[in-house]
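The lines below spell out each chain.
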Amino acid sequence: MSDNPRLFGVDFDVSEAVSEQVRKCLVKRYSIFYTIDDDKRTVSIVAFVHELRDTQRYFRQKN
């Protein structure tokens with residue numbers, strides 16, 4: 001992820017819920033949601049969520 005953060009796709013549902021472009025990487029039974037800041041050249045982890053969790057509901061509750 002640090003070498004090529006754009007390798008993983010944008011999760012449009014989550015991005016819409018938080019009004020920011022959020023990407024999703026799947027690792028075993030978990031989804032890692034993250035944002036990219038090109039100016040600072042950083043990747044920020046937004047959430048680490050188990051696959052059985054309702055991610056849209058999770059992000060709506062956070063906002």
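From a predicted model like this one, the values you see are computed outputs, not experimental measurements.

Basis of the calculations
Residues numbered from 1 in each chain as written. Predicted model: local features only at pLDDT ≥ 70, side-chain atom pairs only at ≥ 80, totals over all residues. Heavy atoms only, no water. Helix = DSSP H or I, 4+ residues; strand = E, 2+ residues; numbered from the N terminus. Buried < 20%, exposed > 50% of the residue type's maximum accessible area, 1.4 Å probe, protein only. Core = buried A, V, L, I, M, F, W, Y, C linked by side-chain atoms within 4.5 Å. Contact = heavy atoms within 4.5 Å. Salt bridge = Lys/Arg side-chain N within 4 Å of Asp/Glu carboxyl O.

**Comments concerning unusual backbone geometry**
In step 1: Look at Ser-19: it is not a glycine, yet its phi comes out positive at around 55°.
In step 2: Mapped onto the secondary structure, Ser-19 falls in the loop between α1 (12-18) and β1 (23-27).
In step 3: Owing to a relative accessible area of 67%, Ser-19 belongs among the exposed residues under this scheme.
In step 4: At Lys-28, a residue that is not glycine, the phi angle is positive and equals roughly 50°.
In step 5: Relative to the assigned elements, Lys-28 resides in the loop between β1 and β2 (30-37).

**Overview of the nonpolar core**
In step 1: In this structure, Val-14, Val-22, Phe-33, Ala-47, Val-49, Tyr-58 and Phe-59 together form the largest nonpolar core, which totals seven residues.
In step 2: Counting residues per element, the ones that place at least two in this core are β3 (42-50) and α2 (55-62).
In step 3: The contacts of Val-14, once residues within four sequence positions are left out, are Val-22, Phe-33 and Phe-59.

**Details of the environment of Leu-7**
In step 1: One can find Leu-7 in the segment before α1.
In step 2: Taking the C-alpha atoms as reference, Leu-7 lies 9.3 Å from Arg-23; in sequence the two are 16 residues apart.

**Some words on the pattern of salt bridges**
In step 1: Tallied over the entire structure, the rule returns three salt bridges.
In step 2: Asp-38 is the salt-bridge partner of Arg-6, the closest N and O atoms lying 2.6 Å from each other. Here Arg-6, found in the segment before α1, pairs with Asp-38, found in the loop between β2 and β3; they are 32 residues apart in sequence, far enough to count as distant.
In step 3: Here Arg-6 falls in the partly exposed class, since its relative accessible area comes to 39%.
In step 4: Given a relative accessible area of 52%, Asp-38 falls into the exposed group.
In step 5: Where Lys-24 meets Asp-11, a salt bridge forms, and the shortest distance between an N and an O atom there is 3.7 Å. Of this pair, Lys-24 sits in strand β1 while Asp-11 sits in the segment before α1, and the two are 13 residues apart along the sequence.

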